[in-house]
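Each chain, letter by letter, is given below.
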Amino acid sequence: MADTAPTARQRSPLTLAADRLAAASRSSGGAVRLAEVPFLAQMNLRLDAKSPAADAVGLALGLQLPLEPGTVVRAGDWAAVWLGPDEWLVVGRPGTQRDLESRIRSAARNEPVSVTDVSAQRTTVLVSGPRARDLLSHGCPLDLHPRAFGPGRSAQTRLARTQVILVARDEPRAGFWVLVRSSFAGYLTDWLLDAAVEYG
């Protein structure tokens, strides 16, 4: 019987763009930094926000699921991004998908819950540096001023006509996560690199 176990190394959607992203970061003199953050664990979670399961899942992850629209709660290895009144994207370190799903399902017990691994659906581009907001503002309709979109904020929006989830990270000078569908990642990266030329 033939061996059907996968032997190829996992390859991210932007593997071939890594050198170009690094070069753009260098040529900007630190004004913007661009890099892929590949293979983050991503679980789409749906449940009643007022149910005991929501509290139990929060305890299992060590964070409270955000209830305010457009917010992110981060604790330890996990970040929960608000997507809707009963929907979140839970993001974790690469390779933690099984642990994350197991924690959620165990905590929810018999309560109605939907947990879907969407890790392969998107990749993440990190956009940071002093001019990161300016760069993103070229192609995003949101007001990205820190008063309107400061640390801990998120939005499902468009960037360069591409549907993305934009997250303002809460660590000092940590910049933004741009979560983009894998099939659009190359196009969006080309746009970011083109827009970053202004800072070179």
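To start, this report covers the structure provided alongside it. As the structure is a prediction and not an experimental result, all values here were calculated from the model.

1. Considerations on the pattern of salt bridges
Now for step 1: Applying the stated rule across the entire model yields seven salt bridges.
Now for step 2: As a salt-bridge pair, Arg20 and Asp190 come within 2.7 Å of each other at their nearest N and O atoms. Of this pair, Arg20 sits in helix H1 (residues 18-27) while Asp190 sits in helix H5 (residues 182-196), and the two are 170 residues apart along the sequence.
Now for step 3: Residue Arg20 is classed as partly exposed on the basis of its relative accessible area of 40%.
Now for step 4: Since its relative accessible area comes to 41%, Asp190 is described here as partly exposed.

2. Describing the sheet that holds strand S1 (residues 33-37)
Sheets are built from strands that pair by backbone hydrogen bonding, the pairs being arranged parallel or antiparallel.
Now for step 1: Spatially, S1-S7-S10-S9-S8 is the arrangement adopted by the five strands of the open sheet, whose pairing is antiparallel. Only two strands of the sheet have a single neighbouring strand rather than two, namely S1 and strand S8 (154-159). The average undirected angle you get between the axes of adjacent strands in this sheet is 30°.
Now for step 2: Sheet topology note: the S1/strand S7 (residues 122-128) ladder contains five bridges and is antiparallel. Residue pairing across strands places Val37 opposite Thr124, the latter belonging to S7.
Now for step 3: Where H5 meets the sheet, its contacts fall on S1, S7, S8, strand S9 (162-168) and strand S10 (176-181), and the angle it forms with S10 comes to roughly 135°.

3. Re H5
Now for step 1: Taking 1.5 Å per residue as the helical rise, H5 with its 15 residues ought to reach 21 Å, and the 21 Å between its terminal C-alpha atoms agrees with that figure.
Now for step 2: Those residues of H5 that fall on the buried side of the exposure criterion are Ala185, Leu188, Thr189, Trp191, Leu192, Leu193, Ala195 and Ala196.

4. So, the nonpolar core
Now for step 1: Core analysis: the largest hydrophobic core is formed by 32 residues, its most contacted members being Leu34, Val127, Leu136, Leu159, Val178 and Leu192.
Now for step 2: Mapped by element, the contributors of at least two residues to this core are H1, S7, helix H4 (132-137), S8, S9, S10 and H5.
Now for step 3: No other element matches the seven residues that H5 contributes to this core.

5. Digging into the environment of Arg26
Now for step 1: Position of Arg26 among the secondary structure elements: in helix H1.
Now for step 2: The class for Arg26 is exposed, based on a relative accessible area of 62%.
Now for step 3: Taking the C-alpha atoms as reference points, Arg26 and Leu188, separated by 162 residues in sequence, lie 19 Å from one another.

6. Observations concerning the pairing of S10
Now for step 1: Of all six residues making up S10, five are buried, and the element is well covered by its neighbours.
Now for step 2: Looking at chain direction, S9 and S10 are connected through five bridges and run antiparallel. What sits directly across from Ile165, in S10, is Leu179.

7. Here's the deal with the sheet that holds strand S2 (residues 41-46)
Now for step 1: What the five strands build is an open sheet, ordered S3-S4-S5-S2-S6; its pairing is antiparallel. Unpaired on one side and paired on the other, strand S3 (72-75) and strand S6 (114-117) mark the two borders of the sheet. Taken over all neighbouring pairs, the strand axes of this sheet differ in orientation by 20° on average, direction set aside.
Now for step 2: Inspection of the sheet shows S2 paired to S6 by four bridges, in the antiparallel sense. Residue pairing in the sheet places Leu45 in a bridge with Val115 of S6.
Now for step 3: The strands touched by helix H3 (residues 97-108) within the sheet are S2, strand S4 (78-84), strand S5 (87-92) and S6, with S2 carrying the most contacts at an inclination of about 20°.

Rules behind the numbers
Per-chain numbering applies: the sequence of each chain, read as written, is numbered from 1 onward. Local features in this predicted model are restricted to residues whose pLDDT is 70 or higher, and side-chain atom pairs enter the listing and the counts only when it is 80 or higher, whereas totals over whole chains, interfaces and linings include all residues. Calculated side-chain values reflect all of the structure's heavy atoms, with hydrogen atoms and water omitted. The salt bridge definition used is simple: a Lys or Arg side-chain nitrogen within 4 Å of an Asp or Glu carboxyl oxygen. Only DSSP runs of H or I with at least four residues qualify as helices, and only runs of E with at least two residues qualify as strands; both kinds are numbered from the N terminus onward. Summary of the burial criterion: residues with accessible area below 20% of their type's maximum are buried, those above 50% are exposed, and those between are partly exposed, where the area comes from a 1.4 Å probe applied to protein chains only. Only when DSSP finds a minimum of two bridges between them are two strands counted as paired. Note on definitions: angles span 0 to 180 degrees between N-to-C directions of axes, and those axes are lines fitted to C-alpha atoms, for helices only across the stretch in contact. Note on contacts: a residue pair qualifies if any of its non-hydrogen atoms lie within 4.5 Å across the two residues. Each residue after the first adds 1.5 Å to the expected span of a helix. Note on terminology: a nonpolar core comprises buried Ala, Val, Leu, Ile, Met, Phe, Trp, Tyr and Cys residues joined through side-chain atoms within 4.5 Å.

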